[in-house]
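Each chain, written out:
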Amino acid sequence: MSLPRPWREVLPQLLSTALIPLTVAGIGWYYTRWQQNLADLRTMIDLMTDAAPEKRKYGVAMFEYLLKNDKVPVEFITAQLDYANSSSDRDLLPLLENAVQKASLVNTSVKSAYEEATARLPSRIFVHALNDTQRPCANILLDEMKDGDKAAITFPSVLSAKWSGEAHELRYFKASDRKRAESLAELFASVGLQLTTKDLSTSWSGARDSRPNTFEIWFGNPALPVNCLQPRK
């Protein structure tokens with residue numbers, strides 16, 4: 001049974017009248033939440049860039065909280081990692097990476113953004129040497145590379161190692177880093193160091209917690225490139 005014509009004309013007007021305040025209320029709620037999120041982001045940035053180390057730690061904790069609760073654009077991960085990577089505070093980047101990894105366990109969208117962000121950073125290569133002769137070799141070879149290639153690599157530390165050393169190895173810990181590992185091996189080969197790539201993504205339990213775009217060079221017993229054996233001036 002159809003409604004009388006007056007009702008057909010009045011009903012849309014009643015509905016529109018009811019929807020107007022709901023729409024206004026929804027916009028107001030969204031705007032208020034947007035303002036709060038923006039204020040949180042500003043506070044977090046102020047804390048992370050503060051000169052006081054303790055305030056920077058609070059900033060990292062706040063960043064983790066915002067990521068977990070999906071209150072910060074994931075694009076901020078790249079910006080924050082770039083800032084931490086160039087910061088004079090050497091503890092800031094590890095703290096930030098740990099916070100992002102914890103947040104990714106709660107917010108799955110953070111994980112993919114984190115992998116994309118770390119891919120844009122210089123490849124981090126930890127060097128393991130059997131003896132003192134090998135210790136400076138990685139940096140000597142880095143000096144022989146083109147400026148663009150140099151900028152894409154960083155050596156955080158050189159550690160002493162005891163292992164069989166059958167070959168010089170380049171180890172990686174994420175399956176997604178295989179192509180980058182192969183590219184790095186080719187790059188070092190061009191300056192005289194032959195590296196065997198080794199995938200530890202499934203054979204080492206710690207690989208799960210390793211940062212993407214992180215590698216290790218393990219110097220073995222084979223001969224070093226000639227430049228690494230010459231006395232440094």
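Up top is the structure these notes are about.
Only a predicted model underlies this, so the values are computations on that prediction, with no experimental measurement involved.

Each value, and the rule that gives it
- Residues numbered from 1 in each chain as written.
- Predicted model: local features only at pLDDT ≥ 70, side-chain atom pairs only at ≥ 80, totals over all residues.
- Heavy atoms only, no water.
- Helix = DSSP H or I, 4+ residues; strand = E, 2+ residues; numbered from the N terminus.
- Buried < 20%, exposed > 50% of the residue type's maximum accessible area, 1.4 Å probe, protein only.
- Contact = heavy atoms within 4.5 Å.
- Areas by Shrake-Rupley, 256 points an atom, 1.4 Å probe, with all protein chains shown as cover.
- Disulfide = S-S within 2.5 Å.
- Polar contact = N/O pair within 3.5 Å; in protein donor to acceptor, adjacent residues only side chain to side chain.
- Phe/Tyr/Trp six-rings, centres within 6.5 Å; stacked < 30°, edge-to-face > 60°.
- Lys NZ or Arg CZ within 6 Å of the ring centre and 35° of its normal.

(A) Local environment of the overall build of the protein. Along its length, the protein carries 9 helices and 6 strands. By the burial criterion, 36% of the 233 residues in the protein qualify as buried. Contacts in the protein between residues at least 24 apart in sequence constitute 78% of all its contacts with a sequence separation of at least 6. Counting only carbon and sulfur atoms, one obtains 56% of the accessible surface of the protein, whose full area is about 14,200 Å².

(B) Geometry of the state of the cysteines. Taken as a whole, this structure holds 1 disulfide when the rule is applied. Two residues, Cys137 and Cys228, share a disulfide whose sulfurs are 2.0 Å apart. Residues Cys137 and Cys228 share a disulfide whose torsion about the S-S bond is about 75 degrees; that sign makes it right-handed. In this pair, Cys137 sits in helix 6 (residues 137–143) while Cys228 sits in helix 9 (residues 226–229), placing the two residues 91 residues apart along the sequence. In terms of burial, Cys137 and Cys228 fall into one category: buried.

(C) Layout of the side chain of His168. Structurally, His168 can be placed in the loop between strand 3 (158–160) and strand 4 (169–172). A distance of 3.1 Å separates a polar atom in the side chain of His168 from the backbone oxygen of Pro222. Among all residues touching His168, those that are not within four sequence positions of it are Leu193, Gln194, Leu195, Thr196, Trp218, Phe219, Gly220, Pro222, Ala223 and Leu224.

(D) Molecular detail of the packing of aromatic side chains. In total, this model carries 2 aromatic pairs according to the counting rule given. Ring centres of Trp163 and Trp218 lie 5.7 Å apart, and the angle between their planes is 80 degrees; this geometry places the pair in the edge-to-face category. Highlighted residues: Trp163 in the loop between strand 3 and strand 4 and Trp218 in strand 6 (residues 214–218), separated in sequence by 55 residues. Sitting above the plane of the Trp163 ring, Arg171 keeps its charged end 5.2 Å from the centroid. Across the ring face of Trp218, the terminal group of Arg171 is positioned such that the distance to the ring centre comes to 4.0 Å.

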